[in-house]
Amino acid sequence: MTMCFTISSSLVRLRAVIDQESSRGESVTSRRHPAEPGTGRMAGMDPTFAQHHGLLLAIARRITGSALDAEDVVQGAWLSWTAVDHRAIENPKAYLVRIVTNGALRLRKQTELRSEREKRIQLWDPIVQDARLSPEDHAVARDDLSFALMKVVETLSPLERVVFVLHEGFGYPLSEIATILDREPAAVRQLASRARNHVRAGQPRYQTTEVDRRALVERFVDGVAGGDLDRLFDLLAPEVSVWTDGGGLAGVAPAGLHGRQRVLRLLEGLRRAGRMPAFTHRRSVLLDGAAGVELRFDDQQLWLTADLDESASTITQVWVVIRPVGTLSQSAR
């Protein structure tokens, strides 16, 4: 184990991946406007909107935490853009960023309220990459918004999240963020300070190597698939927690599950009742740079990764995201 990198180095990585996402623009396409062949852009997109398309998607995805919500936000910005006289807009980029930021903020607030009302876990959509990447591509993956940092960003309030993403990730001055959000500069400075303090306090005390994480994640999946409770008992820490975001899928536990015995009882109950999914596909992946596994059952895909204890001998947290097949944009497939 090595000591966890500092918050400043994490933010450097955040800016690196945002630059990458903003430049490639075609990573996510709209569900309502079919993509033009070979471009990944919405059909009929004019050159000005197309120029900022990647940036808008990156901002929306980081604020909402959802690939599909980001598409909806950018779709809304596109509709607004087509309804105005472009000659009257002095700074198209600022205009579009303001629309997308406030649209993503509204959607993030609605999502959090819905999650609280339904008492279910709301995780973010990870960036999925194949684990069989070249060494150069692995370096790019490690420069992505790290899984560890994303977990902390998820604890911020919607407004803190917006300010943190725009300022620390995209390099927007706080004065400009105040204009985007239509708030007093002093209030935005307070939000930025609170967000940065929360992120700094939430950084883990140590960093798990991806080799160690990969080994334990694969063993965990093997144990679950084989119903080997003895193997799982040795693999899970007594205080383990399992966090599952099923995206509203029926039958998925709506809240976190805590404690090794409770986790094992649930798995054994599913096995005995014949409700354990029959996985038809398995692939080693990187989830926001963290070693994980991709599984498929019926028309659903499941992504799983884990946190380890300081000795890298047991799993302390399991993170599971379930989405319909094809929901997430995925790089390096």
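Rules behind the numbers
- Residues numbered from 1 in each chain as written.
- Predicted model: local features only at pLDDT ≥ 70, side-chain atom pairs only at ≥ 80, totals over all residues.
- Heavy atoms only, no water.
- UniProt positions renumbered as here; feature names shortened; annotations may be inferred.
- Helix = DSSP H or I, 4+ residues; strand = E, 2+ residues; numbered from the N terminus.
- Buried < 20%, exposed > 50% of the residue type's maximum accessible area, 1.4 Å probe, protein only.
- Contact = heavy atoms within 4.5 Å.
- Areas by Shrake-Rupley, 256 points an atom, 1.4 Å probe, with all protein chains shown as cover.
- Phe/Tyr/Trp six-rings, centres within 6.5 Å; stacked < 30°, edge-to-face > 60°.
- Lys NZ or Arg CZ within 6 Å of the ring centre and 35° of its normal.
- Salt bridge = Lys/Arg side-chain N within 4 Å of Asp/Glu carboxyl O.
- pLDDT = per-residue confidence, 0-100.
- Core = buried A, V, L, I, M, F, W, Y, C linked by side-chain atoms within 4.5 Å.
- Domains from an automatic or database assignment.
- Pairing = 2+ DSSP bridges.

Within an unreviewed UniProt entry, the label attached to the protein chain reads RNA polymerase subunit sigma-24, and the organism entered is Enemella evansiae. Recorded under Sequence similarities (unreviewed entry), the UniProt text for the protein chain is reproduced unchanged: "Belongs to the sigma-70 factor family. ECF subfamily." Annotation of the protein chain in UniProt includes, under Subunit (unreviewed entry), the sentence "Interacts transiently with the RNA polymerase catalytic core formed by RpoA, RpoB, RpoC and RpoZ (2 alpha, 1 beta, 1 beta' and 1 omega subunit) to form the RNA polymerase holoenzyme that can initiate transcription."

**Let's talk about the overall build of the protein chain**
Counting secondary structure elements, the protein chain contains 12 helices and 10 strands. Taking all 333 residues of the protein chain together, 51% fall into the buried category. Across the protein chain, the fraction of contacts at a sequence separation of at least 24, relative to all contacts at a separation of at least 6, is 68%. Taken as a whole, the protein chain presents about 15500 Å² of accessible surface, with 52% of it coming from carbon and sulfur.

**Examining the packing of aromatic side chains**
Enumeration according to the criterion identifies 4 aromatic pairs in this entry. Ring geometry for Trp243 and Trp319: centres 6.1 Å apart, planes at 25°, overall stacked. One end of the pair, Trp243, is in strand β4 (residues 236-245); the other, Trp319, is in strand β9 (residues 315-324), and 76 residues separate them in sequence. For Trp243, a relative accessible area of 22% translates into the label partly exposed. Directly above the ring of Phe233 sits Arg260, whose terminal nitrogen or CZ lies 3.8 Å from the centroid.

**Description of the pattern of salt bridges**
Two side chains bearing opposite charge may form a pair once their charged atoms approach each other closely. Under the counting rule described, the total for this entry stands at 18 salt bridges. A salt bridge links Glu112 to Arg108, with the nearest nitrogen and oxygen atoms 3.1 Å apart. Here the residue Glu112 and the residue Arg108 both occupy positions in helix α4 (residues 92-118), the gap between them amounting to 4 residues, near one helical turn. Note on Arg108: relative accessible area 3%, which makes it buried.

**Concerning the confidence of the model for the protein chain**
The predicted model of the protein chain averages 81 in pLDDT, with 77% of residues at 70 or higher. Within the protein chain, helix α8 (residues 174-181) carries the highest mean pLDDT (97), whereas strand β1 (residues 2-3) carries the lowest (39). This model gives residues 138-144 a pLDDT under 50, and the stretch forms 17 contacts once residues within four places in sequence are excluded.

**Brief notes about the nonpolar core**
Among the nonpolar cores identified, the biggest contains 36 residues, and Phe49, Ile59 and Tyr172 are the most heavily contacted of them. At the level of elements, α2 (47-64), α3 (67-82), α4, α7 (158-169), α8 and α9 (185-202) are the ones that each hand at least two residues to this core. The element that contributes the greatest number of residues to this core is α2, accounting for 9 residues. Two domains each provide a minimum of three residues to this core, namely domain 1 (48-118) and domain 2 (156-203). Beyond its immediate chain neighbours, meaning those up to four positions away, Tyr172 contacts Leu55, Lys93, Val97, Leu166, His167, Ile177 and Ile180. Within the second largest apolar cluster, 26 residues are counted, among which are Val217, Leu232, Ile315 and Val320.

**Re the pairing of strand β7 (residues 290-297)**
Within β7, 7 of the 8 residues are buried, which leaves the element mostly enclosed by the surrounding structure. Summarising the sheet, strand β6 (residues 281-287) and β7 pair through 7 bridges and their orientation is antiparallel. Counted as the bridge partner of His281 is Arg296 from β7. Counted between consecutive antiparallel strands, the loop separating β6 from β7 contains 2 residues, among which Asp288 sits at a positive phi close to 50°. Direction of pairing for β7 relative to strand β8 (residues 300-308): antiparallel, over a ladder of 6 bridges. In the strand pairing of β8, Leu295 is matched with Leu302.

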